[in-house]
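Residues per chain, in single letters:
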Amino acid sequence: MAVPGKVAAFRLPPLPTVGEIIKLFRLKAQKQLSQNFLLDLRLTDKIVRQAGELKNAHVCEVGPGPGGITRSILSAGVQQLLLIEKDARFVPGLQMLSEAAPGKLCVVHGDILTYKMEKAFPKHLKKNWEDEPPDIHIIGNLPFSVSTPLIIKWLENVSKKDGPFIYGRTQLTLTFQKEVAEVDVAVVHFTPLVQPKIQQPFKLVEKVVQSVFQFRRKYCFRGIETLFPESGRLKRTEQLMMTADVDPTLRPFQLSMSHFRNLCNTYRKMCDEDPSLFAYSYREELRQRKKTRNLLKSTSQPKQTEEENQL
């Protein structure tokens, strides 16, 4: 008998197991997409608990697949759950879950990279950036192969306070899968800071970080060199590292947040002094150099053949 004055916890009606759903719809994990199904509900419950209190929260799950984590989210008592699934094979099974949780679950067949998250949740949930995070959560089980562009997109959204962060400091709980001899799963919980550690434009920070990790096993100066054109590269690299007070023999993974802050701040000053510097692309320089070599090779070949013919 229900206790007066208390709302009964939400429970899904009897349903086929996730394994049975996979067999029913003949679903197979595609290795080229780094897909791997989570079948153990004890594991999915544990993952969802990492998100914190979800009772009456609004949640968006990215890439629910056959719906293992989805069931655990629903069991946590959420107010509303939005599923965004790119792979059409999973939609029928997710629709079955939607019918079992009327009014709680919405299934969208789409790509999270292009989905307009600004309209995903009710406007009344918005909070000021300086306030506590809104009662909104994004949860996703992301294969390593597809996680990088999505994380970069969300980090840029954080810097601009748009996308899912138009509602405030929306929290993310993400699992990352890596297939080695067996599947490794790591859970990471993100809560955006009120003030960023590095107060520079996102694109500038992204460029510096990408350059540093260009050669991740070499000394950091080797990657930092790629920020500058070949002409004057050594001198500018030395200037940047000395001003930022960074030891050039450190490996990229040994650099601290303060190192990256100093590098970004110093690089910004150098870009202010030379506006063409930020537009420089190391990869484009390499492409142009290769193109020139190939062109010289193709134009010199006929001349060599003509000379040979004259002999």
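Residues numbered from 1 in each chain as written. Predicted model: local features only at pLDDT ≥ 70, side-chain atom pairs only at ≥ 80, totals over all residues. Heavy atoms only, no water.

1. Things to note about the overall build of the chain
Across its full length, the chain holds 11 helices and six strands. Evaluated residue by residue, the chain yields a buried proportion of 41% over its 311 residues. (Helix = DSSP H or I, 4+ residues; strand = E, 2+ residues; numbered from the N terminus. Buried < 20%, exposed > 50% of the residue type's maximum accessible area, 1.4 Å probe, protein only.)

2. Digging into the pattern of salt bridges
Scanning the model with the defined rule gives 13 salt bridges in all. In this structure, Lys-86 engages Asp-111 in a salt bridge whose closest nitrogen and oxygen atoms are separated by 3.6 Å. Pair noted here: Lys-86 is in the loop between strand 2 (80–85) and helix 4 (91–100) and Asp-111 is in the loop between strand 3 (105–109) and strand 4 (136–143), with a separation of 25 residues, a long-range link. Classification of Lys-86 by relative accessible area gives exposed; the value is 57%. Taking the shortest distance from any N to any O, the salt bridge between Arg-268 and Asp-272 comes out at 3.3 Å. Of this pair, Arg-268 and Asp-272 both sit in helix 9 (residues 257–273), four residues apart, roughly one helical turn. (Salt bridge = Lys/Arg side-chain N within 4 Å of Asp/Glu carboxyl O.)

3. A few points about empty space enclosed by the protein
Taken as a whole and judged by the stated rule, the model has one cavity of 30 Å³ or more. Each pocket or cavity is described by its volume, and for the largest cavity that value is around 50 Å³. Around the largest cavity sit Leu-15, Pro-16, Ile-21, Pro-66, Arg-71, Gly-93, Met-96 and Leu-97, which together line it. The class makeup of the residues in the lining of the largest cavity is six nonpolar, one polar and one charged. (1 Å grid on protein atoms, 1.4 Å probe; cavity = no way out; pocket = protein on both sides within 12 Å on 5 of 7 lines; lining within 4 Å. Points joined across faces, edges and corners; volume = space filled by probe spheres on them. Nonpolar A, V, L, I, M, F, W, Y, C, P; charged D, E, K, R; others polar.)

4. Considerations on the nonpolar core
Counting residues in hydrophobic clusters, the biggest one holds 25 residues, and the most contacted among them are Val-59, Ile-73 and Leu-81. Ile-73 has contacts with Val-48, Val-59, Glu-61, Val-78, Leu-81 and Ile-139, leaving out every residue within four places of it along the chain. (Core = buried A, V, L, I, M, F, W, Y, C linked by side-chain atoms within 4.5 Å. Contact = heavy atoms within 4.5 Å.)

5. A few points about the confidence of the model for the chain
Confidence in the prediction for the chain averages 88 pLDDT; 87% of positions are at 70 or higher. Low pLDDT, under 50, characterises residues 304–311; the predicted model gives this stretch zero contacts beyond four residues in sequence or across chains. (pLDDT = per-residue confidence, 0-100.)

6. Comments concerning the pairing of strand 2
Taking burial as the measure, the six residues of strand 2 include five buried ones, the bulk of the element. Following the chain from strand 1 (residues 58–62) across helix 3 (residues 68–75) to the adjacent parallel strand 2, one finds a crossover that is right-handed. Pairing between strand 2 and strand 3: five bridges, direction parallel. Looking at strand 3, one finds that Leu-82 is bridged to Cys-106. Crossover handedness for the path strand 2 to helix 4 to strand 3: right-handed. (Right-handed = clockwise from strand over helix to strand, strands pointing away. Pairing = 2+ DSSP bridges.)

7. Focus: the pairing of strand 4
Of all eight residues that make up strand 4, eight are buried, and the element is covered over most of its length. Both faces of strand 4 are covered, namely the face carrying Ile-136, Ile-138, Gly-140 and Leu-142 and the face carrying His-137, Ile-139, Asn-141 and Pro-143.

8. Things to note about a positive patch on the surface
There is a patch of like positive charges on the surface, built from Lys-116, Lys-119, Lys-123 and Lys-126. By secondary structure assignment, the location of Lys-123 is in the loop between strand 3 and strand 4. Note on Lys-123: relative accessible area 71%, which makes it exposed. (Patch = residues over 30% accessible without salt bridge, like charges linked within 9 Å, V, L, I, M, F, W, Y side chains within 5 Å. Areas by Shrake-Rupley, 256 points an atom, 1.4 Å probe, with all protein chains shown as cover. Lys, Arg positive; Asp, Glu negative; His and termini not counted. Charge placed at Lys NZ, Arg CZ, Asp CG, Glu CD.)

9. Some thoughts on helix 3
Residues spaced three or four apart along an α-helix face the same direction, because each turn holds 3.6 residues. Counting buried positions along helix 3 yields seven of eight residues, so the element is predominantly enclosed. For helix 3, every residue scored as buried is listed here: Gly-68, Ile-69, Thr-70, Arg-71, Ser-72, Ile-73 and Leu-74. Of the residues trailing helix 3, Gly-77 is marked for its positive phi of about 85°.

10. Comments concerning the packing of helix 2 (residues 41–49) against helix 3
Contact geometry for helix 2 and helix 3: axes closest at 8 Å, N-to-C directions at 60°. Judged on the interaxial angle alone, helix 3 and helix 2 are oblique. With respect to the hand of their crossing, helix 2 and helix 3 are arranged in right-handed fashion. Judged by residue contacts, Leu-41, Thr-44, Asp-45, Ile-47 and Val-48 of helix 2 engage Gly-68, Ile-69, Ser-72 and Ile-73 from helix 3. Residue composition of the contact of helix 2 with helix 3, by class: five nonpolar, three polar and one charged. (Axes fitted to C-alpha atoms, helices over the stretch in contact; angles between N-to-C directions. Parallel < 35°, antiparallel > 145°, perpendicular 65-115°, else oblique. Left-handed = near helix turned anticlockwise from the far one by under 90°.)

11. With respect to unusual backbone geometry
Residue Asn-56 is not a glycine yet carries a positive backbone phi of 65°. Considering the arrangement of structural elements, one finds Asn-56 in the loop between helix 2 and strand 1.

12. Some details on the environment of Gly-103
In this structure, Gly-103 sits in the loop between helix 4 and strand 3. With 23 residues separating them in the primary sequence, Gly-103 and Gln-80 have C-alpha atoms 7.7 Å apart.

13. Thoughts on the packing of helix 6 (residues 202–212) against helix 9
Taken N-terminus to C-terminus, the directions of helix 6 and helix 9 make an angle of 120°; their axes are 10 Å apart at the nearest point. Crossing geometry of helix 6 relative to helix 9 is assigned as right-handed. Mapping the contact onto sequence places Leu-204, Val-205, Lys-207, Val-208, Val-209 and Val-212 in helix 6 and Phe-260, Leu-263, Cys-264, Tyr-267 and Arg-268 in helix 9. Partitioning the contact of helix 6 with helix 9 into residue classes produces nine nonpolar, no polar and two charged.

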